[in-house]
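Chain and residue survey
The residues making up each chain are set out below.
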Amino acid sequence: MGYISIQINKAKGSADTGASDHIERKTIPKNADPTRTHLNRELVEFPDGVADRTEAISHRIRTAGIKRKITPDQVRAIRIVLSGTHEDLMKVQDEGRLDEWCADNLQWLHRTFGRENTVSAVLHMDEHTPHIHATVVPIVTGERRKAKKKQAEGKRTYRKKTDTVRLCADDVLTREKLVAYHDSYADAMAKYGLQRGVRGSEARHVTTAQYYRDLKRQTGELKANVQQLQTEQRQAEQQLDEVMQEIKSEKLEAAKTEAKTALVAKVGSLFGSGKLKELEAANYTLQNEVAARDESIELLQQQMQRQQEEHSRQIMEMQAKHRKEMTDKEAEHQKEVSFLKSIIQKAKKWFPLFQELVYMEKFCLKVGFNESQTATLISGKPLFHEGELYSEEHRRKFKTERAGFQVVKDPKDKSKLVLAINGQVIGEWFKEQFDKLFSSIRRTVTPHRKGKGLGL
């Protein structure tokens, strides 16, 4: 059974823009995979006119009905990171339950902090472990805890309304409530095999920066271990070569010694020399050394084989992991492509002129209008313009004085769109301009005929 991961931090200041840039990937961190950033998604729908997390925080504070002035040092938002162990989140994803997990996290945030206070919740899929960055604005009602305490102690001489709306992170992040948050979140995540950490444990959550530093350190240690393993393998191979050379030399010496021993034995049998026993002892010692070296070679070969097997296993695991990641990315890409194709098909079905508008956008850009002018024309609004316009049919530009342009339905086929200039289809206007140009050129090159008068 895995464990839940929940981190809660205060965010002071008017915008908390640094966190917004990270959460919304306006700046890409080093530990993020840019090829997976498109999988990140915002789980909370912003109100009308609100474009991002920073605006959502300001909008909630502005519309909450707070009467008291908010000071610069007050906590505007609370950042909450919701996740679990890497293995458990990968299991949730592989089982196709990631959307369900996100929905349960969002429901827990709404129950715990209020739906309107939960202004943003972003799922990050481009880092090592899937997780959610939630943003809560600490809007509460009633009296502050300190005021209630003074009232209980008899120090208060007046009493505020109990339904007063306030911005107060201290009331949301009391020690008792933090414990309750962990308990209730563990209950919500129990269905995924996640449980609460041991209460009272000395273990502490590390910061995101510290986590990434530890991960980088562990990765560096793994690379160093692989390099050390490769170095030891090269050293073992070199040592084996050296031992083999020594053995060849010593075996040769052993053969020489045996030959000398046999010769001395023959001579000793005739002369009774005492050197025979000395040669036999030297020969025995040399043979023992050769046997020990043979045993060392066998041990080195076994060690090299184990190192090679371990190295091959690690390489195969990394290759399998890489293939799986590539397969997953390709599957996600195909899913996105299919989704976009379905959207395009629906757009064509719901909006018959949708495809015509796409063609018309390309045509306007090719004629010579910029993106802003093209957007105006595609919206159906009239546009006044003067300058050069390019005709692809005639492969040249034609200059026009200030004229009115508008995208309208083709008079000959109402299911088509055309670009009109001063109410005239631009194709016809291009043809007229070309004919005028051709006529002027022809008049210029035609020689004047001389009169047929009589010469004197």
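Rules behind the numbers
- Counting restarts for each chain: residues are numbered from 1 in the order of the written sequence.
- Only residues with pLDDT of at least 70 are given local features in this predicted model, and only at 80 or more are side-chain atom pairs given and counted; all residues enter the totals for whole chains, interfaces and linings.
- Each side-chain value is derived from all of the structure's non-hydrogen atoms; neither hydrogens nor water enter the calculation.
- What is meant by a nonpolar core is a set of buried Ala, Val, Leu, Ile, Met, Phe, Trp, Tyr and Cys residues, joined one to another through side-chain atoms within 4.5 Å.
- Here's how the labels work: a residue is buried when its accessible area is under 20% of the maximum for its type, exposed when over 50%, partly exposed in between, all with a 1.4 Å probe on protein chains only.
- Secondary structure counts use DSSP, requiring at least four H or I residues in a row for a helix and at least two E residues in a row for a strand, with both numbered from the N terminus.
- Whether two residues touch is decided by their heavy atoms; if any such pair falls within 4.5 Å, the residues are in contact.
- For this analysis, a ring pair means two rings from Phe, Tyr or Trp (six-membered ring only for Trp) whose centres lie within 6.5 Å, classed as stacked if their planes differ by under 30 degrees, edge-to-face if by over 60, and tilted for the remaining angles.
- Take the number of residues in a helix, subtract one, and multiply by 1.5 Å to get its expected span.
- Each patch is built from residues that are more than 30% exposed by relative accessible area and take part in no salt bridge. Like charges join if they lie within 9 Å; nonpolar side chains (Val, Leu, Ile, Met, Phe, Trp, Tyr) join within 5 Å.
- For the accessible areas, the method is Shrake-Rupley and the probe is 1.4 Å, while residue cover comes only from the protein chains on display.
- Salt bridges are counted wherever a side-chain nitrogen of Lys or Arg sits within 4 Å of a carboxyl oxygen of Asp or Glu.
- Two strands qualify as a pair provided that DSSP identifies no fewer than 2 bridges between them.
- Only the contacting stretch of a helix is used when fitting its axis, a line to C-alpha atoms as for every element, and angles between N-to-C directions run 0 to 180 degrees.
- A residue's pLDDT is the confidence the predictor assigns to it, expressed on a 0 to 100 scale.
- Relevant arc is that of directions from the helix axis to the C-beta atoms, nothing else.

Next up on the list: the nonpolar core. Within the largest apolar cluster, 36 residues are counted, with the highest numbers of intra-cluster contacts made by Ile-80, Trp-101, Trp-108 and Leu-109. Residue assignment for this core shows that the elements contributing at least two residues are strand S1 (2–12), strand S3 (75–84), helix H3 (86–94), helix H4 (98–113), strand S4 (118–124), strand S5 (131–136), helix H6 (169–172) and helix H7 (175–189). No other element matches H4, which puts 7 residues into this core. Contacts of Trp-108, omitting those with residues within four sequence positions, involve Ile-6, Leu-82, Phe-113, Tyr-181, Ser-184, Tyr-185 and Ala-188. Phe-369, Leu-377, Ala-403 and Leu-417 belong to the second-largest nonpolar core, a separate cluster that totals 17 residues.

With a phi close to 60 degrees, Arg-25 is a non-glycine residue in the positive phi region. Position of Arg-25 among the secondary structure elements: in the loop between helix H1 (17–23) and strand S2 (41–42). Residue classification places Arg-25 among the buried residues on the basis of a relative accessible area of 10%.

Applying the stated rule across the entire model yields 6 aromatic pairs. Plain terms: the ring middles of Phe-369 and Phe-405 are 5.3 Å apart, the flat faces sit at 75 degrees to each other, and that makes the pair edge-to-face. You can see Phe-369 sitting in the loop between helix H10 (354–367) and helix H11 (371–378) and its partner Phe-405 sitting in strand S10 (residues 396–409), a full 36 residues away along the chain. Since its relative accessible area comes to 3%, Phe-369 is described here as buried. For the pair Phe-398 and Phe-430, a centre-to-centre distance of 5.8 Å together with 40 degrees between the ring planes defines the contact as tilted. Here Phe-430 lies in helix H12 (residues 426–445) and Phe-398 lies in strand S10, a separation of 32 residues in the sequence. Of the two residues examined, Phe-398 and Phe-430, each falls in the buried class.

Here the focus is H4. Taking 1.5 Å per residue, 16 residues should reach 22 Å; H4 reaches 22 Å between its end C-alpha atoms and fits that length. All of the buried residues in H4 are Leu-98, Trp-101, Cys-102, Asp-104, Asn-105, Leu-106, Trp-108, Leu-109, His-110 and Phe-113. Gly-114 lies just past H4 and shows a positive phi near 100 degrees.

To continue, consider the environment of Gln-433. With respect to the helices, strands and loops of the structure, Gln-433 is situated in helix H12. A C-alpha to C-alpha distance of 9.0 Å links Gln-433 and Lys-399, two positions 34 residues apart in sequence.

This next bit is on a nonpolar patch on the surface. A cluster of nonpolar side chains, contributed by Phe-339, Leu-340 and Ile-343, occupies part of the molecular surface with about 290 Å² of accessible area. Among the secondary structure elements, Leu-340 is positioned in helix H9 (residues 275–350).

As summarised here, the arrangement of the 4 strands in space is S9-S10-S11-S12, forming an open sheet in which the pairing is antiparallel. For this open sheet the edge positions go to strand S9 (383–391) and strand S12 (424–425), each flanked by a neighbour on one side alone. The pairing of S9 with S10 spans 8 bridges and is classified as antiparallel. Each residue of the ladder has a partner; that of Ser-391, found in S10, is Arg-396. Packed onto the sheet, H10 meets S9, S10 and strand S11 (417–421) and runs at close to 35 degrees relative to S11.

Caution is warranted with low-pLDDT regions, since their predicted coordinates should not be read in detail. Of the residues in the protein chain, 77% reach a pLDDT of 70 or more, and the chain-wide mean stands at 82. Looking over the protein chain, one finds the lowest element-wise mean pLDDT in helix H5 (residues 145–152), namely 59, and the highest in H4, namely 96. Predicted confidence for residues 452–456 stays below pLDDT 50, and this span has 0 contacts to residues more than four positions away or in other chains.

All right, on to the pattern of salt bridges then. Applying the stated rule across the entire model yields 18 salt bridges. Its salt-bridge partner being Arg-97, residue Glu-100 comes within 3.4 Å of it at the nearest N-O pair. A salt bridge links Arg-166 to Asp-171; the nearest nitrogen and oxygen atoms lie 2.9 Å apart.

Attention now moves to H7. The end-to-end C-alpha distance of H7, which contains 15 residues, comes to 21 Å, matching closely the 21 Å that a straight helix rising 1.5 Å per residue would cover. Taken residue by residue, H7 has Tyr-181, Tyr-185, Ala-186, Ala-188 and Met-189 as its buried positions. Buried residues of H7 fall within an arc of 160 degrees about the axis and therefore sit on the same side. Exposed side of H7, more than 90 degrees from the buried face: Glu-176 and Asp-187 are the residues found there.

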